[in-house]
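# Structural description and commentary
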Amino acid sequence: RRFGLGRAGAGLIEVPSVPNARGLREAGFAPGHGPGFSTLAEPGRDARGIAEGLAAGELSTVWLNYADPVRYFPDRALWEKALGTAQSVIAVESLLTDTVRRYADVVFPGEAYPEKEGTVTNLDGRVQRLRVAIGLPKGRTGMPDSGVRPVWQVIADLGGLGVLTGAAASQQLFDAVPFYAGLTLDEIGGRGVRWPERITQWA
């Protein structure tokens, strides 16, 4: 009662360790879950399981997407062994960290936050739109040939997903997550959409 949990809309909110942690889990980046927390036949591994698999030679390749497990994850020694044992370490990063310098075999220059396009989901389920605030850095020719590409584009090219625009990447997300169904970038607009309220209104 002291927290007012009996009131409509009241509840507990998790404080995540990384930005957009809720959105990543809802999109399917959580051990044992697919998009929308669907159950997977093969649940996959959590971060420690990945490190142990790499260190033991059971896994050969790891993709570090703006992630530095040596610096920020528990058990630094395990991750150092894991990355040192891996056959291929692929990194997307906007900074040349010690981990990237020491372990990465392939590095895709990553966008800085104001260069990104897409969506994020905040703590209480509000899907918000990211719009490009500054253009990508230009190369010597004056064209954007510095090597920095949107992360969605890198993933789409390597995975053969057939995604040609950032808007199309967002649409694939909306189609994959059941409680995002029917959501559009136009509906999100400048204020965002809190999907739990949206489902209640449509029920």
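For the structure, check the block above.
Described below are features of the structure shown in this document.

Conventions adopted
- Residues numbered from 1 in each chain as written.
- Predicted model: local features only at pLDDT ≥ 70, side-chain atom pairs only at ≥ 80, totals over all residues.
- Heavy atoms only, no water.
- Phe/Tyr/Trp six-rings, centres within 6.5 Å; stacked < 30°, edge-to-face > 60°.
- Helix = DSSP H or I, 4+ residues; strand = E, 2+ residues; numbered from the N terminus.
- Buried < 20%, exposed > 50% of the residue type's maximum accessible area, 1.4 Å probe, protein only.
- Lys NZ or Arg CZ within 6 Å of the ring centre and 35° of its normal.
- Contact = heavy atoms within 4.5 Å.
- Pairing = 2+ DSSP bridges.
- Lys, Arg positive; Asp, Glu negative; His and termini not counted.
- Salt bridge = Lys/Arg side-chain N within 4 Å of Asp/Glu carboxyl O.
- Polar contact = N/O pair within 3.5 Å; in protein donor to acceptor, adjacent residues only side chain to side chain.
- Arc of directions from axis to C-beta.
- Axes fitted to C-alpha atoms, helices over the stretch in contact; angles between N-to-C directions.

## Some thoughts on the packing of aromatic side chains
By the definition in use, this model includes six aromatic pairs. With a centroid separation of 6.1 Å and an interplanar angle of 25 degrees, the aromatic rings of W63 and F108 are classed as stacked. Within this pair, whereas W63 is found in strand β1 (residues 61-65), its partner F108 is found in strand β3 (residues 106-109), the two being separated by 45 residues in sequence. Relative accessible area serves as the criterion here: at 33%, W63 is assigned to the partly exposed category. Seen in terms of ring centroids, F73 and W79 are 5.7 Å apart; in terms of plane orientation they differ by 80 degrees. Their pairing is edge-to-face. Among the residues examined, F73 registers a relative accessible area of 33% and is labelled partly exposed. For W79, a relative accessible area of 5% corresponds to the buried category. These aromatic residues form a ring-pair network of at least three members: F37, F174, F179, Y180 and W195. Directly above the ring of Y66 sits K116, whose terminal nitrogen or CZ lies 4.1 Å from the centroid.

## With respect to the side chain of T119
For T119, the location among the structural elements is in strand β4 (residues 118-121). The residues touching T119, leaving out its near neighbours within four places in the chain, are N20, V127, Q128, R129, L130, S170, L173, F174, L185 and I188.

## Some details on the sheet that holds strand β5 (residues 126-130)
Think of a sheet as strands paired side by side through backbone hydrogen bonds, with each pair either parallel or antiparallel. One open sheet holds the three strands; their spatial order is β4-β5-β6, and the pairing between them is antiparallel. Strand pairing shows two members of the sheet lacking a second neighbour, β4 and β6 (193-194), which therefore form its edges. Summarising the sheet, β4 and β5 pair through four bridges and their orientation is antiparallel. When the sheet's bridge partners are listed, G118 is paired in β5 with L130.

## A word on helix α2 (residues 47-55)
Along α2, the residues that are buried comprise G49, A51, G53, L54 and A55. Residues of α2 that are buried sit in contact with β1 and α4 (76-85). Looking one or two residues beyond α2, the residue adopting positive phi is G57, at roughly 80 degrees.

## Comments concerning the side chain of D68
Structurally, D68 is set in the loop between β1 and α3 (69-72). Here D68 sits buried without a salt bridge, and the closest side chain of opposite charge, R71, lies 4.2 Å off (N-O distance). Here T99 takes part through its side chain, which lies 2.5 Å from a polar atom of the side chain of D68.

## Digging into the pattern of salt bridges
Under the counting rule described, the total for this entry stands at 10 salt bridges. The shortest N-O distance in the salt bridge between E58 and R45 comes to 3.3 Å. Separated by 13 residues along the polypeptide, E58 in the loop between α2 and β1 and R45 in the loop between α1 (21-27) and α2 bring together distant segments of the chain. R45 sits in the partly exposed class, given a relative accessible area of 38%. The closest approach of N and O atoms between R194 and E197, which form a salt bridge, is 3.6 Å. A relative accessible area of 22% means that R194 is categorised as partly exposed. Residue E197 is classed as partly exposed on the basis of its relative accessible area of 40%. Via salt bridges that share partners, R48, E52 and D75 belong to a single interconnected network.

## Topic: α4
Every buried residue of α4 is listed here: L78, W79, A82 and L83. Relative to the axis of α4, the buried residues are bounded by an arc of 125 degrees and lie together on one face. Along α4, the residues that are exposed and aim more than 90 degrees away from the buried face are A77, K81 and G84. Tucked inside the fold, the buried residues of α4 contact α2, β1, α3, β2 (88-93) and α5 (98-103).

## Quick look at the sheet that holds β1
Judged by pairing direction, the sheet is parallel, and its three strands sit side by side in the order β1-β2-β3 without closing on themselves. Every other strand in the sheet has two partners, leaving β1 and β3 as the edge strands with one partner each. With strand direction ignored, the average angle separating the axes of adjacent strands in the sheet is 10 degrees. Sheet strands in contact with helix α6 (residues 151-159) are β1, β2 and β3, and its direction is about 160 degrees off that of β1.

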